[in-house]
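Observations on the model geometry
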Amino acid sequence: MDLYKYIDKQLTSLAERQQLRQLNCVEHDTAGHALWQGRPLLDLSSNDYLGLAADTALQQEFLARVSLDPADKDYALSASSSRLLTGNHPGYQLLEEKLGSMYGDRSVLVFNSGYHANVGILPALAARGDLICCDKLNHASIIDGAELSGAKVKRYRHLDYDHLEEILAKNTPKYRHTFIITESVFSMDGDIADLRRLSELKQKYNAVLIVDEAHAFGVYGQTGCGICQQQGVIADIDIIVITFGKALCSQGAAAVMNETMRSYLVNKMRSLIFTTALAPMTVSWTSFVLEKVMTMTSQREHLSQLADTLRRGLLDRSYETCGSGHIVPLLLGENERALALAEQLRNAGVLVFAIRPPTVPFGTARVRFSLTAAMTYTDMDLILSSL
Ligand code: PMP
């Protein structure tokens, strides 16, 4: 069949199932708000969890340091090469050292994005003959990395560690190396992994434990080191993946691990080796924000209280929600219901989108309130009264 005819048919079929995705043009506005079709709406669809995207004082403090002298390479706008060639500018070393000491003297490797990290780590470490145990609701980038590796992938029921143990007990003797990989805060359900239990299972079955803290870094833990820090298990995790595009208001990602693992990834990880490095300007901004984020305890507490207020409000109104973190889902079931409610909320000033399969399992379409510390209790009232 002609490819374009085939594509047309696929697009029509997606539209009929209410699953057609589109790129919408959105401008950021004041704290917690975005301009949607010309109107400023409360933005519940961003990952700017600490509310830094509209923090002009913070951004001005950084920009005041930016030198316009082309000889000052810390603020160059392109690295012009990959890290293994001439793109490994001094900002990388500084950022990796800062992160390493935040995590108690671990080694750190910075990547271009969380997607690059997840799509590259497992294929570098695992292959045919290995076993990867993956939470059923892990992010697409983790699933892609696991599939790319060529290892046997077994998905355990979401947060069901008895099911995981069943899989481990039955299968580990048959495979060379076993990996367990999970998110810490799950982005679609807002619920949180029990990393202590996973650390115990890792010890018992001699597995490698990888935790993706994309939605937790900056938001949980005394200095923002995520759920690993909150649950006191940093030292037990082989690789902690953190990202900078969410709470840190920047771009990029990193893995926290030991030096041997770091050297191995530098040699084997294709999504690190074969891509242009992050611009020095971006890395400098990440380093700058990182130091500020470590002490943002009041923002972390405020965010947690906002989430409690919204969850309680939803339950009081007999809505179905789940999880316990700063991402608050409202479960609706059918795609049409989610699409209709999202539109109703947007008309009332609340910017949300329907989240539908395949992003979430079939029959669990939802809208998701992704809260930020720039929001207020009045904003929570607006959401609840708009329902
Ligand atoms: N991991 C998780 C759990 C994510 O939710 C995301 C992005 N939403 C990523 C990784 C990818 O991170 P990035 O946006 O930096 O590519």
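Above this text sits the structure in question.
Read on for an overview of the structure. (Residues numbered from 1 in each chain as written. Predicted model: local features only at pLDDT ≥ 70, side-chain atom pairs only at ≥ 80, totals over all residues. Heavy atoms only, no water.)

**Topic: the sheet that holds strand S1 (residues 27-28)**
One open sheet holds the four strands; their spatial order is S1-S2-S3-S12, and the pairing between them is mixed. A single partner strand is all that each edge strand has here, and the edge strands are S1 and strand S12 (350-351). By the bridge criterion, four bridges tie strand S2 (residues 33-36) to strand S3 (residues 39-43) in an arrangement that is antiparallel. Looking across to S3, one finds that leucine 35 is bridged to proline 40. (Pairing = 2+ DSSP bridges. Helix = DSSP H or I, 4+ residues; strand = E, 2+ residues; numbered from the N terminus.)

**Here's the deal with the side chain of glutamine 19**
For glutamine 19, the position within the fold is in the loop between helix H1 (3-16) and S1. Those residues in contact with glutamine 19 that sit more than four places away from it in its chain are Leu14, Asn335, Arg356, Pro357 and Phe362. (Contact = heavy atoms within 4.5 Å.)

**Comments concerning the environment of isoleucine 210**
Position of isoleucine 210 relative to the elements: it lies in strand S8 (residues 208-212). Along the primary structure isoleucine 210 and threonine 182 are separated by 28 residues, whereas in three dimensions their C-alpha atoms are 6.6 Å apart.

**Quick look at the site of the ligand**
In the vicinity of the ligand, the contacting residues are Ser113, Gly114, Tyr115, Asn118, His139, Ser141, Glu183, Asp212, Ala214, His215, Thr243 and Lys246. Note that an oxygen atom of the ligand is positioned 2.7 Å from one of the backbone N or O atoms of glycine 114. Take lysine 246: an N or O atom from its side chain is 2.8 Å from a nitrogen atom of the ligand. Relative to its unbound accessible surface of 390 Å², the ligand loses 80% to contact with the protein. Ranked by residues supplied to the shell around the ligand, first place goes to helix H4 (residues 114-125) with three residues. Looking at the shell around the ligand residue by residue, the classes come out as two nonpolar, seven polar and three charged. (Near = heavy atom within 4 Å. Polar contact = N/O pair within 3.5 Å; in protein donor to acceptor, adjacent residues only side chain to side chain. Areas by Shrake-Rupley, 256 points an atom, 1.4 Å probe, with all protein chains shown as cover. Nonpolar A, V, L, I, M, F, W, Y, C, P; charged D, E, K, R; others polar.)

**Looking at helix H9 (residues 259-268)**
Those residues of H9 that fall on the buried side of the exposure criterion are Met261, Arg262 and Leu265. The buried residues of H9 all sit within an arc of 100° when viewed along its axis, so they share a single face. Turned more than 90 degrees away from the buried face of H9 sit Thr260 and Asn267, all of them exposed. For H9, the secondary structure elements touched by its buried residues are helix H3 (90-102), strand S4 (107-111), H4, strand S9 (239-243), strand S10 (253-257) and helix H10 (270-273). Between the side-chain oxygen of the N-cap and the backbone nitrogen of threonine 260 there are 3.2 Å, and the N-cap of H9 in question is asparagine 258. (Buried < 20%, exposed > 50% of the residue type's maximum accessible area, 1.4 Å probe, protein only. Arc of directions from axis to C-beta.)

**Focus: the pairing of strand S14 (residues 365-370)**
Where burial is concerned, most of S14 is hidden: six out of the six residues are buried. Across the two faces of S14 the burial is the same, with Ala365, Val367 and Phe369 and Arg366, Arg368 and Ser370 all buried. Here strand S13 (residues 354-355) runs beside S14; their pairing, made up of two bridges, is antiparallel. Counterpart to isoleucine 355 in the pairing with S14 is arginine 366.

**Considering the sheet that holds strand S11 (residues 327-333)**
Read across the sheet, three strands follow the order S11-S14-S13 without closing on themselves; strand pairing throughout is antiparallel. In this open sheet, the two edge strands, each paired with only one partner strand, are S11 and S13. Packing against the sheet, helix H13 (residues 335-347) makes contact with S11, S13 and S14, and its axis sits at approximately 35° to S14. (Axes fitted to C-alpha atoms, helices over the stretch in contact; angles between N-to-C directions.)

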